[in-house]
Amino acid sequence: MKKVIRTAKAPSAIGPYSQAIQVGGFVYTSGQIPIDPATGVFVEGGIREQTRQSLLNVKAVLEEAGLTMADVVKTTVFMADMNDFADMNAVYAEFFSEPYPARSAVAVKTLPKGALVEIEVVASN
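Quick summary incoming for the structure in this document. Sequence order as written defines the numbering, with residues in each chain counted from 1. The model is predicted, so local features are restricted to residues of pLDDT at least 70 and side-chain atom pairs to those at 80 or more, both for listing and for counting; the totals for chains, interfaces and linings are taken over all residues. Only heavy atoms go into the side-chain values, all of them from the structure, while hydrogens and water stay out.

## As for the nonpolar core
Which entries qualify depends on this criterion: What we call a nonpolar core is a set of buried Ala, Val, Leu, Ile, Met, Phe, Trp, Tyr and Cys residues that are connected through their side-chain atoms within 4.5 Å. Using a 1.4 Å probe on the protein chains alone, a residue whose accessible area is under 20% of its type maximum counts as buried, one over 50% counts as exposed, and one in between counts as partly exposed. Runs of E in the DSSP output that reach at least two residues are strands. Runs of H or I that reach at least four are helices, and both are numbered from the N terminus. The contact definition used throughout considers only heavy atoms, calling two residues in contact when any of these lie within 4.5 Å.
Formed by 25 residues in total, the largest nonpolar core has its most connected members in Leu55, Leu62, Met69, Val77, Phe96 and Ile119. Elements with a contribution of two residues or more to this core: α1 (47–64), β6 (72–79), α2 (85–95) and β8 (117–124). Top element by residues in this core is α1. It accounts for 6 residues. Excluding residues within four positions of it along the chain, leucine 62 makes contact with Val27, Thr29, Leu67, Thr68, Met69, Val72, Val121 and Ala123.

Structural data, given as structure tokens:
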């Protein structure tokens, strides 16, 4: 049975989707972009700041499901510019420790609202 995960500590969905869905022991988050849930707008700065906010949003959704970043088994990072990879990776490393989750990182033409990064995860308890 599917359970919707929803928190005010992360941005509300901007379309017909849920922040996350829990099925069995897994939580699948929707992609999180760098919107500050307190203001409803992007954080100021570049890829580092946007990566940090996106991951803080992921963390908030997981916490609502009773999970932590240590429970993440797979991440997907979408970036507007692969030249930002090293800076994204530096911030990403602040949120995860060994054993690191599996990860895909891909460059895409555009992201919602012109974001530089969007991050989704799969976590398991």
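## Re the side chain of aspartate 84
The test is simple: His residues and chain termini do not enter the charge count, which takes Lys and Arg as positive and Asp and Glu as negative. Any carboxyl oxygen of Asp or Glu that lies within 4 Å of a side-chain nitrogen of Lys or Arg is treated as forming a salt bridge with it.
Tracing the chain through its elements places aspartate 84 in the loop between β6 and α2. Comment: no salt bridge for buried aspartate 84; closest opposite-charge side chain is arginine 48, at 9.0 Å.

## Topic: the sheet that holds strand β3 (residues 26–29)
Cut-off, in case you're wondering: Paired strands, in this sense, are two strands between which DSSP finds at least two bridges. To get an axis, a line is fitted to the C-alpha atoms, and for a helix only the part in contact is used. The angle between two axes follows their N-to-C directions and goes from 0 to 180 degrees.
The strand order across the open sheet built from 6 strands is β1-β2-β3-β8-β6-β7, with neighbouring strands paired in mixed fashion. In this open sheet, the two strands that pair with only one neighbour each are β1 (2–5) and β7 (102–107). Sheet twist, expressed as the mean angle between neighbouring strand axes with direction ignored, is 15 degrees. Note: strand β2 (residues 20–23) against β3, 4 bridges, orientation antiparallel. Directly across from alanine 20, in β3, lies its bridge partner threonine 29.

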